[in-house]
Amino acid sequence: QVQLVESGGGLVQAGGSLRLSCAASPRTYNRYGMGWFRQAPGKEREFVAGIDWSGGSTAYADSVKGRFTISRDNAKNTVYLQMNSLKPEDTAVYYCAGRTNTRLRTVSFEYDYWGQGTQVTVSS
């Protein structure tokens, strides 16, 4: 069973930065495609960013392109989401997700494992 644990959320002012981390186990994670999703109150969960098993292929939602960067360190079983130039509309619970396939995907039903989520709040 793969376990995903997010950290790094918090309260930040608009224009600020945060880095989310997602620690995964077991080591088979290294062959998993990974993604970040978010869900704001009253809204559906939406794709934010995805990365393939090697880190060589990434994808982003249009709303975060140029501001967010997804990366992974397979030696540490960890995926990161660097979030810069944060806006109040980025406020949401952010979820890490993993799929038992090496490729990235942009839809939630393609993912097999989910973390518990971490709150990100951006004040104006």
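Student: Just to check I follow, could you spell out the pattern of salt bridges for this structure?
Tutor: Note that side chains of opposite charge can pair when their charged atoms are close. With the rule as written, the count across this model stands at 6 salt bridges. The partner of Lys65 in a salt bridge is Asp62, with the nearest N and O atoms 3.1 Å apart. Assessed through its relative accessible area of 67%, Asp62 is described here as exposed. Residue Glu110 is joined to Arg105 by a salt bridge in which the shortest nitrogen-to-oxygen separation is 4.0 Å. Salt bridges sharing common partners tie together Arg38, Glu46, Arg67 and Asp90.

Student: What is the right way to read the side chain of Arg72 from this model?
Tutor: Along the chain, the position of Arg72 falls in strand S7 (residues 68-73). For Arg72, the side chain forms a polar contact with the main-chain oxygen of Asp52, separated by 2.8 Å. Here the side chain of Arg72 touches Trp53 through a polar contact of 3.4 Å, landing on its backbone oxygen. If near-sequence neighbours (up to four positions away) are discounted, Arg72 is found in contact with Tyr29, Asn30, Tyr32, Gly33, Met34, Ile51, Asp52, Trp53, Ser54, Gly55, Thr78 and Val79.

Student: Explain the side chain of Thr118 here, please?
Tutor: Considering the arrangement of structural elements, one finds Thr118 in strand S11 (residues 118-123). Side-chain polar atoms of Thr118 contact the backbone nitrogen of Gly9, separated by 3.3 Å. Every residue in contact with Thr118, bar those within four places of it in the chain, is listed here: Glu6, Ser7, Gly8, Gly9, Leu20, Ala92, Val93 and Tyr94.

Calculation rules
- Residues numbered from 1 in each chain as written.
- Predicted model: local features only at pLDDT ≥ 70, side-chain atom pairs only at ≥ 80, totals over all residues.
- Heavy atoms only, no water.
- Salt bridge = Lys/Arg side-chain N within 4 Å of Asp/Glu carboxyl O.
- Buried < 20%, exposed > 50% of the residue type's maximum accessible area, 1.4 Å probe, protein only.
- Helix = DSSP H or I, 4+ residues; strand = E, 2+ residues; numbered from the N terminus.
- Polar contact = N/O pair within 3.5 Å; in protein donor to acceptor, adjacent residues only side chain to side chain.
- Contact = heavy atoms within 4.5 Å.

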